[in-house]
Amino acid sequence: VEIIGSRIGEPHVHGDLTVVGSWLPATRCAGDFWGVYPLGDHRVLIAIGDVTGHGVASATVTAGAAAACDVVVRRHGTALELTQLVTALDAAVRRVSGGQLSMTCFAAILDPEAREIRFVSCGHTSPYLCRLGDDAIELQALVGRGNPLGGGSPPAPKVQQKPLRAGDLLVWYTDGVIEAQDPAGEPFGDRRLQRMLRKLDRSKLTAAAVHTVIHAAVAAHRSTRPRADDETLVIAQWGTPA
């Protein structure tokens, strides 16, 4: 199990899957987390979460959620179902926060042998699937419906599925990325991110290259303005284009 707590890590390679991510906290006590969890049978779980607020309380909930994710993976292994994970994370957030905080979360199991990604979203920002088309890069939002974890309502997410093709890229992020403001107060914005993804260099469509481009663009946009929220960005790529 690899639980990511570092700011910018080295690529994580699991068979034909490469994952590159970064975590840049706004304060010393951060509320974001992301993790890569090999499940066996070539399947890999990727989870990303964002706890409301900042400070020690949020960081404590984040730590509790990451620990719960670790336990569930170790307990169920190859038999892990996303609904089991969501139930465990919801209970952990409720227990640690005492019902005072909530956490958005997006969890996905990438299955290269089945050529699919299965995912759930609990109030989290929608990741993107980037695919090389004949003339341009095709963009698909991975939209899921579910309530934030630890809140007043059951998360009740629906497990979704999308087919994967060799070379597909997946882009996860927390809202701190698209809400990053420039010195004049303008946010980076989801539309700007979409335009960037559609205009990626087709000859350099790798997880590391795409992470570098987006990371640099957000930093340049923010310029001298300090982070108002944690910024977590995760890029995964399965195989290489045919």
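Residues numbered from 1 in each chain as written. Predicted model: local features only at pLDDT ≥ 70, side-chain atom pairs only at ≥ 80, totals over all residues. Heavy atoms only, no water.

**Here's the deal with the pattern of salt bridges**
So, step 1. Summed over all chains, the structure comprises six salt bridges.
So, step 2. Salt bridges linked by common partners bring Arg222, Arg227 and Glu231 together as one network. (Salt bridge = Lys/Arg side-chain N within 4 Å of Asp/Glu carboxyl O.)

**Quick notes on helix H1 (residues 56-76)**
So, step 1. Over its 21 residues, H1 extends 30 Å from the first C-alpha to the last, a length consistent with the 30 Å expected when each residue adds 1.5 Å.
So, step 2. Within the sequence span of H1, burial applies to Ser58, Val61, Thr62, Gly64, Ala65, Ala66, Ala68, Cys69, Asp70, Val72 and Val73.
So, step 3. Phi turns positive, to about 55°, at Gly77, one or two residues after H1. (Helix = DSSP H or I, 4+ residues; strand = E, 2+ residues; numbered from the N terminus. Expected span 1.5 Å × (residues − 1). Buried < 20%, exposed > 50% of the residue type's maximum accessible area, 1.4 Å probe, protein only.)

**Things to note about the environment of Gly144**
So, step 1. Following the sequence through the fold, Gly144 ends up in the loop between strand E9 (137-141) and strand E10 (160-163).
So, step 2. For Gly144, a relative accessible area of 17% puts it in the buried group.
So, step 3. Distance in space between the C-alpha atoms of Gly144 and Pro157 is 7.3 Å, their sequence separation being 13 residues.
So, step 4. If we skip the residues at most four places from it in the chain, Gly144 touches Phe119, Ser121 and Gln160. (Contact = heavy atoms within 4.5 Å.)

**Focus: helix H5 (residues 207-222)**
So, step 1. Along its 16 residues, H5 runs 23 Å from first to last C-alpha, staying within 8% of the 22 Å computed at 1.5 Å per residue.
So, step 2. Looking at H5, one finds that the buried residues are Ala207, Val210, His211, Ile214, Val218, His221 and Arg222. The arc that holds the buried residues of H5, viewed along the axis, is 105°, so those residues lie on one side. Seen from the buried face of H5, the exposed residues on the opposite side, beyond 90 degrees, are Thr212 and Ala220.
So, step 3. Those residues of H5 that are buried lie in contact with strand E3 (17-24), strand E11 (169-173), helix H3 (175-178), helix H4 (190-198) and strand E12 (231-238).
So, step 4. Positioned one or two residues after H5, Ser223 has a phi angle of 55°, which is positive. (Arc of directions from axis to C-beta.)

**Quick word on the packing of H1 against helix H2 (residues 82-97)**
So, step 1. As a packed pair, H1 and H2 sit with axes 9 Å apart at the nearest point and diverge in direction by 145°. Relative to H2, the crossing made by H1 is right-handed. Residues Thr60, Val61, Gly64, Ala65, Ala68, Cys69, Val72 and His76 of H1 lie in contact with H2, whose contacting residues are Gln84, Leu85, Ala88, Leu89, Ala92, Val93, Val96 and Ser97.
So, step 2. Across the contact of H1 with H2, the residue classes break down as 11 nonpolar, five polar and no charged. (Axes fitted to C-alpha atoms, helices over the stretch in contact; angles between N-to-C directions. Left-handed = near helix turned anticlockwise from the far one by under 90°. Nonpolar A, V, L, I, M, F, W, Y, C, P; charged D, E, K, R; others polar.)

All we've got here are geometric facts, nothing functional implied.
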